[in-house]
Amino acid sequence: MAKRALKNNVKIGAHVSVSGGFLMALERAKEMGANCIQIFGASPVRWQAPLPSLKEAKEFKSLAQKLEIRPIFLHAPYLINLASANERLAKISTQLLKRHLEIANFLGTQGVIFHIGSKGQRPQAEAEELVAKNIKEIFSLVKEGFLLIENSAGAGNLVGDTLEEIGRVIEKVANPRLGFCYDTAHGFEAGVLVDFSNDSLDSFVEKVEKLIGLERWLAIHANDSATAAFSNKDRHENIGQGYLGKEAFYKMLHHPEFRKRPFILEVPGFDDQGPDKENIDILKSLAY
């Protein structure tokens, strides 16, 4: 009974490797016990991003349906910087994110999760205007699919450390296809959510509702943090081995709004090979 309830009510998955092809990612997810996943649509460190073949896309969609793995998100390359003061970098970043949205649509996934990037010495308001302009351009060229802004850990001059910054970009774009992914480690490291009492979780949800809109909150990156609150250092840790601890994830998994979103692991893994079955099993044990 518990297994059926977990399958129907809580989505717990991970970022999985596409080494050997997109179908292999689904097979790995099955072995790990994941019912939702995140993948790279192409190399995360290259500017080239070829579309999958029609055959591979068809097989991927068919196997995902058969294995009941959903939602599936792509994570955009780390190279992307929509806020860059370098005009050429901002332009090619926009082109690359556009291509990954096309790949996401081709594979039948739910969208692309991305980091906005660094504004450098550009004024904050100017950077946010540029980001909104670039996202609007992508949506004007690709007529379907979601883009999800992921919050950052607060290092350097990154845009998107706070719910306020993300909310302003979303307001400027004014398109229902622009969503939000909350990373638990980044939020802790940036000081967005560091106390996991029920009152604090309620306050966070109210803030998301006011600044972003709950309907846009489509995913959670479930990561413990290897660094302390307000560190502004992006360092993920396995569930229960970091500064958040298992109790924080128990609280989130039992909160009615957090529980509605898929929990996607991006942890180092207990064998340092990336998200693994052990981390998934820990989240499952905390969910019930």
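Summary of the structure given here. (Residues numbered from 1 in each chain as written. Predicted model: local features only at pLDDT ≥ 70, side-chain atom pairs only at ≥ 80, totals over all residues. Heavy atoms only, no water.)

### Concerning the sheet that holds strand β1 (residues 12-15)
Now for step 1: Reading around the circumference, β1-β2-β3-β4-β6-β8-β9-β12 is the order of the eight strands in this closed barrel, with parallel pairing throughout. For this sheet, the mean angle separating the axes of adjacent strands, direction not counted, is 30°. (Pairing = 2+ DSSP bridges. Helix = DSSP H or I, 4+ residues; strand = E, 2+ residues; numbered from the N terminus. Axes fitted to C-alpha atoms, helices over the stretch in contact; angles between N-to-C directions.)

### Quick word on the environment of L283
Now for step 1: Secondary-structure assignment places L283 in helix α10 (residues 277-287).
Now for step 2: Taking the C-alpha atoms as reference points, L283 and A222, separated by 61 residues in sequence, lie 9.1 Å from one another.
Now for step 3: When residues no more than four places from it in sequence are discounted, the contact partners of L283 are I12, A222, I239, F249, L253, F263 and L265. (Contact = heavy atoms within 4.5 Å.)

### Considerations on the pattern of salt bridges
Where charged atoms of side chains with opposite charge meet at close range, the side chains can pair.
Now for step 1: Within the structure shown, the criterion is met by 10 salt bridges.
Now for step 2: Between E128 and R168 there is a salt bridge, with the nearest N and O atoms lying 2.8 Å from each other. Note that E128 is positioned in helix α5 (residues 124-141) and R168 in helix α6 (residues 163-173), a separation of 40 residues in sequence.
Now for step 3: According to the relative accessible area criterion, E128 is buried, its value standing at 2%.
Now for step 4: Given a relative accessible area of 34%, R168 falls into the partly exposed group. (Salt bridge = Lys/Arg side-chain N within 4 Å of Asp/Glu carboxyl O. Buried < 20%, exposed > 50% of the residue type's maximum accessible area, 1.4 Å probe, protein only.)

### Regarding the packing of aromatic side chains
Now for step 1: Counted under the stated rule, the structure contains seven aromatic pairs.
Now for step 2: Relative to Y78, the ring of F40 lies with its centre 5.7 Å away and its plane at 85°, an arrangement referred to as edge-to-face. Of this pair, F40 sits in strand β2 (residues 37-40) while Y78 is found in the loop between β3 (72-75) and α4 (87-107), placing the two residues 38 residues apart along the sequence.
Now for step 3: On the basis of relative accessibility, which here comes to 15%, the residue F40 falls in the buried class.
Now for step 4: Ring centres 6.2 Å apart and planes at 55° place the aromatic pair F180 and Y182 in the tilted group. Per residue, the accessibility class of F180 equals that of Y182, and both read buried.
Now for step 5: Taken together, the ring pairs in this structure connect F180, Y182, F204, W217 and F258 into an aromatic cluster.
Now for step 6: Over the face of the ring belonging to Y288 we find R259, whose NZ or CZ atom lies 4.8 Å from the ring centre. (Phe/Tyr/Trp six-rings, centres within 6.5 Å; stacked < 30°, edge-to-face > 60°. Lys NZ or Arg CZ within 6 Å of the ring centre and 35° of its normal.)

### Side note on the side chain of H186
Now for step 1: Relative to the helices and strands, H186 resides in helix α7 (residues 184-190).
Now for step 2: The class for H186 is buried, based on a relative accessible area of 2%.
Now for step 3: Among the polar contacts made by the side chain of H186, one reaches the main-chain carbonyl oxygen of N151 at a distance of 2.9 Å.
Now for step 4: For H186, the side chain forms a polar contact with the side chain of H236, separated by 3.1 Å.
Now for step 5: Once you skip the residues sitting within four places of it in the chain, H186 turns out to touch H115, E150, N151, S152, A153, D234 and H236. (Polar contact = N/O pair within 3.5 Å; in protein donor to acceptor, adjacent residues only side chain to side chain.)

### Digging into helix α9 (residues 245-253)
Now for step 1: Listed in full, the buried residues belonging to α9 are G245, A248, F249, M252 and L253. Each buried residue of α9 sits inside an arc of 135° when the element is viewed along its axis, so together they form one side.
Now for step 2: The elements touched by buried residues of α9 are α7, α8 (198-211), β9 (217-222), β10 (224-225), β12 (263-265) and α10. (Arc of directions from axis to C-beta.)

### Points about the nonpolar core
Now for step 1: Judged by nonpolar contacts, the single largest core of 79 residues is most densely connected at F114, I135, L147, W217 and F258.
Now for step 2: Beyond its immediate chain neighbours, meaning those up to four positions away, W217 contacts F180, Y182, F204, V205, V208, E257, F258 and R261.
Now for step 3: If you look at the next biggest cluster of nonpolar residues, it comprises seven residues, including F73, L148, A219 and I264. (Core = buried A, V, L, I, M, F, W, Y, C linked by side-chain atoms within 4.5 Å.)

### Comments concerning helix α3 (residues 54-67)
Now for step 1: Here α3 is 14 residues long and its end C-alpha atoms lie 20 Å apart, about the 20 Å a rise of 1.5 Å per residue gives.
Now for step 2: Here α3 has its buried residues at A57, F60, L63 and A64. For α3, the angular spread of buried residues about the axis comes to 135°, placing them on one side. Looking at α3, the residues exposed on the side facing more than 90 degrees away from the buried face are L54, K55, K58, Q65 and K66.
Now for step 3: Structurally, α3 contributes buried residues whose contacts are with α2 (22-32), β2, β3 and α4.
Now for step 4: Remark: E68 follows α3 within two positions and exhibits a positive phi of approximately 55°. (Expected span 1.5 Å × (residues − 1).)

### Examining the pairing of β1
Now for step 1: Of the strand pairs in this sheet, β1 and β12 are connected by three bridges, and their pairing is parallel. When the bridges of β12 are listed, A14 appears paired with L265.
Now for step 2: As paired elements, β1 and β2 share two bridges and run parallel to each other. Residue pairing for β2: A14 is matched across the bridge by I37.
Now for step 3: Traced from β1 through α2 to β2, the parallel crossover comes out right-handed. (Right-handed = clockwise from strand over helix to strand, strands pointing away.)

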